[in-house]
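# Residue-level structure breakdown
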Amino acid sequence: MQGLMMQQPLLVASLLTHAERHHGGQEIVSRRVEGDIHRYSYRDLAQRARGMANALAALGIEQGERVGTLAWNGYRHMELYFAVSGSGAVLHTLNPRLHVDQLAYIIEHAQDRIVFFDLTFLPLIESVASRVKSPKIFVAMTDRAHMPTTHGLSSMLMCYEDLIDLHHDVFEWPLLDENSASSLCYTSGTTGNPKGVLYSHRSTVLHTYAAALPDSLNCSARDAILPVVPMFHVNAWGLPYIACMVGAKLVFPGPALDGKSLYELIEAEQVTLSAGVPTVWQGLLAHVDAIKGAFSHMRRTIVGGAACPTAMTAAFRESHRVEVLHAWGMTELSPVGTVCSLKAHQLSLPVSERYAVQAKQGRGVFGIDMKIVDADGNALPWDGIAAGDLLVRGPWVAREYFGSEGQSPLRDGWFPTGDIARIDADGFMQITDRSKDVIKSGGEWISSTDIENVACLHPDVTTAVCIAARHAKWDERPLLLIVKKPGSGLDANGVLAFLDGRIARWWKPDAVVFVDTVPIGATGKVLKNQLRDQFGDYYLTA
Ligand code: ADP
């Protein structure tokens, strides 16, 4: 027997319609590329998104066609989120930190019809344009007064504000099939070519519901949310959609992602919740410490994309009364998979035990099924000890990549994440490594993440990265690379002595190398493959 409920498709545009109707006066504040602060409301956003939808129709963009964006977090980017997806086209967010060849590859692969770009990226767009055939139209996301007068684009260059001004703001969002594509994001592709993940309206809306929940990212109409995580990186972890669903104030940092600019914006706009990768927070914390500042309203910060070191969780909590919400996800998961939200019985744990829980990536949100398996595919117990390949499934997990012609990455219906993890009896998952970063010493796994976490607790350590280095006897042994605090006299023996008793004896790295910096990739993560290229033979040549 069928249920007798309405068939209302889950559509991205409905998030905007809701925000306009119920939170029309709520503010969206953006630091612009032009340098000033712009503010308007959800009502304005909705109106201008409808104008842009009319403009896209006038430019001949049809349902299913891809529209690229190369832009910072800001209100015009937000307008495109809804104008493009809402009218049935596919929003393709491009990561400007990628190499120009990779960008050209992605734009060609996605067959983008138009690319919208922030003025910062004009030189990048010019280099890309000479390498691609697909987009014939480029739109500078600015007004007439700031339009570039000279440029190397032989294709058509248009002005964003002209497009809005020229078109009517009356537009009926089409009633799309909820399974149709809404946006496209390529993985950063540290190995091989980037792969496109094509989200649907349904997957996006379901992800929005789940990610907004109190034990997920915990967002409400009373929040002012500042996504530092870029809108070109898995849709800023879904926060633009979540903010519409719950009616939160949105604060966009634009191009200014240094500690000082972020701190000033957080304070001026009374931000309560922010989100970003650990490297960004290092800059922010260093600035706030240097000026002996405090956060007047910020109470929570979501840290994900890479493991959050306990030292960071402790610094936020002890110096600033800011709770870190450690989260794990992937482009293929829209991205939220797990969030480390404590259970009632963990709230009263001694601080060090609490931190040990918070170092984990957290519990699966409803909608994400997880399992860990051994090399033969057998499920491993959730005992907090056994570690294996992490597999997931759920309505916002990719089943294949864009343009991969039916080739599925799935294993028996499960998506192999490429992460190695353990899961404890409370359901808290902890990543011990990416499978390609794993250290296998004498046939046994050593968790590079655990070693990094402990090393970061040393007060003189800014960054710790542990990699597998080839070894004549043990195949591989851990090698620890350290960036130390300026002026510190820390030496290798000091680091190794600090690790004594804090990690298993045979996990102890055979050597410590001090470096000035570590390479960071397009999504803010340490590029371990580059470090392996550089230091992989350390034990063979030392
Ligand atoms: P890419 O592989 O292109 O960097 P993503 O940005 O989608 O793609 O990254 C997903 C990967 O990032 C995960 O599979 C995991 O290895 C890592 N990751 C994400 N969040 C965390 C976290 N909180 N702790 C450790 N690793 C994380």
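Residues numbered from 1 in each chain as written. Predicted model: local features only at pLDDT ≥ 70, side-chain atom pairs only at ≥ 80, totals over all residues. Heavy atoms only, no water.

### Regarding the overall build of the protein chain
Of regular secondary structure, the protein chain possesses 17 helices and 25 strands. The C-alpha atoms of the protein chain give 23 Å as radius of gyration, which agrees with the globular expectation for 542 residues (24 Å, within 12%). Per-residue burial for the protein chain yields a buried fraction of 59% across its 542 residues. Residue pairs at least 24 apart in sequence account for 67% of intrachain contacts in the protein chain once pairs closer than 6 positions are excluded. Carbon and sulfur atoms make up 52% of the accessible area of the protein chain, which totals about 22,600 Å². Of the charged side chains in the protein chain, 48 are positive and 57 negative, and the gap between their average positions amounts to 3 Å. (Helix = DSSP H or I, 4+ residues; strand = E, 2+ residues; numbered from the N terminus. Rg over C-alpha atoms; globule rule 2.2 N^0.38 Å. Buried < 20%, exposed > 50% of the residue type's maximum accessible area, 1.4 Å probe, protein only. Contact = heavy atoms within 4.5 Å. Areas by Shrake-Rupley, 256 points an atom, 1.4 Å probe, with all protein chains shown as cover. Lys, Arg positive; Asp, Glu negative; His and termini not counted. Charge placed at Lys NZ, Arg CZ, Asp CG, Glu CD.)

### As for the site of the ligand
Within the structure, the ligand sits among 18 residues, and Ser 188, Ala 327, Thr 331, Asp 419 and Lys 525 are positioned closest to it. Measuring from an oxygen atom of the ligand, one finds a backbone N or O atom of Thr 331 at 2.5 Å. Asp 419 places a polar side-chain atom, nitrogen or oxygen, 2.6 Å from an oxygen atom of the ligand. Within the complex, the protein chains bury 91% of what would otherwise be the 560 Å² of accessible surface of the ligand. (Near = heavy atom within 4 Å. Polar contact = N/O pair within 3.5 Å; in protein donor to acceptor, adjacent residues only side chain to side chain.)

### Some points on the UniProt feature "domain: AMP-binding enzyme C-terminal" (unreviewed entry) in the protein chain
UniProt annotation of "domain: AMP-binding enzyme C-terminal" (unreviewed entry) refers to residues 451-525 when read in the numbering used here. End-to-end, the C-alpha atoms of residues 451-525 are 17 Å apart, and along that stretch the chain is 17% helix and 33% strand. (UniProt positions renumbered as here; feature names shortened; annotations may be inferred.)

### Quick word on the side chain of Thr 310
Structurally, the position occupied by Thr 310 is in helix α12 (residues 310-320). Each residue touching Thr 310, except ones within four places of it in the same chain, is listed here: Tyr 355, Ala 359, Asn 453 and Leu 457.

### Some remarks on the packing of helix α2 (residues 42-58) against helix α3 (residues 75-86)
Helix packing for two helices is described by the angle between their axes and how far apart those axes are. Closest axis-to-axis distance for the α2/α3 pair is 8 Å, and the angle between their directions is 60°. Put simply, α2 runs oblique to α3. In the crossing of α2 with α3, the sense of the turn from one axis to the other is right-handed. Contacts between α2 and α3 involve Leu 45, Arg 48, Ala 49, Met 52, Ala 53 and Leu 56 from the former and Tyr 75, Arg 76, Met 78, Glu 79, Leu 80, Phe 82, Ala 83 and Val 84 from the latter. A class-by-class count of the residues in the contact of α2 with α3 yields 11 nonpolar, no polar and 3 charged. (Axes fitted to C-alpha atoms, helices over the stretch in contact; angles between N-to-C directions. Parallel < 35°, antiparallel > 145°, perpendicular 65-115°, else oblique. Left-handed = near helix turned anticlockwise from the far one by under 90°. Nonpolar A, V, L, I, M, F, W, Y, C, P; charged D, E, K, R; others polar.)

### Focus on the sheet that holds strand β7 (residues 156-159)
An order of β7-β6-β5-β3-β4-β8-β9 is seen for the 7 strands of this open sheet, with the pairing classed as mixed. Each of the sheet's edge strands pairs with one partner strand only, and the pair in question is β7 and β9 (196-200). Taken over all neighbouring pairs, the strand axes of this sheet differ in orientation by 25° on average, direction set aside. As judged from the 5 bridges shared by strand β8 (residues 181-186) and β9, these two strands associate in the antiparallel manner. Bridge pairing in β9 links Cys 185 to Val 197. (Pairing = 2+ DSSP bridges.)

### What to know about helix α16 (residues 528-535)
Among the residues of α16, those classed as buried are Lys 528, Leu 531, Arg 532 and Phe 535. Buried positions in α16, seen along its axis, are confined to an arc of 105° and lie on one side of it. Of the residues in α16, the exposed ones pointing more than 90 degrees away from the buried face are Asp 533 and Gln 534. Looking at the buried positions of α16, the neighbouring elements they touch are β20 (428-434), α14 (448-455), β23 (461-471), β24 (475-484), β25 (511-514) and α17 (538-541). (Arc of directions from axis to C-beta.)

### With respect to the state of the cysteines
One pass over the full model with this rule turns up 0 disulfides. For Cys 308, which is in no disulfide, the shortest distance to another cysteine sulfur is to Cys 456 and amounts to 9.7 Å. Take Cys 308: its relative accessible area is 1%, and that puts it in the buried class. (Disulfide = S-S within 2.5 Å.)

### Digging into the packing of aromatic side chains
Under the defined criterion, the tally for this structure stands at 10 aromatic pairs. Residues Tyr 81 and Tyr 241 carry aromatic rings whose centres are separated by 5.5 Å and whose planes lie at 45° to one another, so their mutual orientation is tilted. Of the two residues, Tyr 81 sits in helix α3 while Tyr 241 sits in helix α9 (residues 239-246), which places them 160 residues apart along the sequence. The exposure class of Tyr 81 is buried, given its relative accessible area of 0%. Pairing Tyr 263 with Phe 295 gives two aromatic rings, centres 5.7 Å apart and planes at 75°, and the pair type is edge-to-face. (Phe/Tyr/Trp six-rings, centres within 6.5 Å; stacked < 30°, edge-to-face > 60°.)

### Some points on the environment of Leu 457
Considering the arrangement of structural elements, one finds Leu 457 in the loop between α14 and β23. Residues Leu 457 and Ser 441, 16 residues apart in the sequence, show an inter-C-alpha distance of 24 Å. In contact with Leu 457, not counting residues within four places along its chain, are Thr 310, Ala 311 and Phe 498.

### A short note on α2
One turn of an α-helix holds 3.6 residues; hence residues three or four places apart share an orientation. In this model α2 runs 24 Å from its N-terminal to its C-terminal C-alpha over 17 residues, within 8% of the 24 Å that 1.5 Å per residue would give. In terms of residue burial, α2 counts as a mostly covered element, since 12 of its 17 residues are buried. Of all the residues in α2, the buried ones are Tyr 42, Leu 45, Ala 46, Arg 48, Ala 49, Arg 50, Gly 51, Met 52, Ala 53, Asn 54, Ala 55 and Leu 56. After α2 finishes, the residue Gly 60 shows a positive phi value of roughly 85°. (Expected span 1.5 Å × (residues − 1).)

### Some remarks on unusual backbone geometry
That bond from Ser 334 to Pro 335 is cis: its omega, 5°, falls within 30 degrees of zero. With respect to the helices and strands, the residue Pro 335 is situated in the loop between β14 (323-329) and β15 (336-339). Positioned with a positive phi, Val 234 is a non-glycine residue whose angle comes to about 45°. Overall, the relative accessible area of 2% leaves Val 234 in the buried class. Positive phi outside glycine occurs at Lys 292, with the angle close to 55°.

### Side note on the pairing of strand β18 (residues 388-393)
Here strand β17 (residues 369-373) pairs with β18 via 5 bridges, running antiparallel. Bridged to Val 373 within β18 is Asp 389. Of the strand pairs in this sheet, β18 and strand β19 (residues 415-423) are connected by 4 bridges, and their pairing is antiparallel. Pairing of Asp 389 across the sheet is with Ile 420, part of β19.

### As for the nonpolar core
Met 52, Phe 82, Ile 114, Phe 116, Leu 217, Phe 295 and Phe 316 are the most contacted members of the largest nonpolar core, which totals 113 residues. With 8 residues, α2 is the single largest residue contributor to this core. When sequence neighbours within four positions are dropped, the list of residues in contact with Leu 217 reads Ala 211, Trp 237, Leu 239, Ile 242, Leu 273, Arg 300, Ile 302, Leu 325, Val 336 and Val 339. Leu 70, Val 100, Ile 106 and Leu 122 belong to the second-largest nonpolar core, a separate cluster that totals 30 residues. (Core = buried A, V, L, I, M, F, W, Y, C linked by side-chain atoms within 4.5 Å.)

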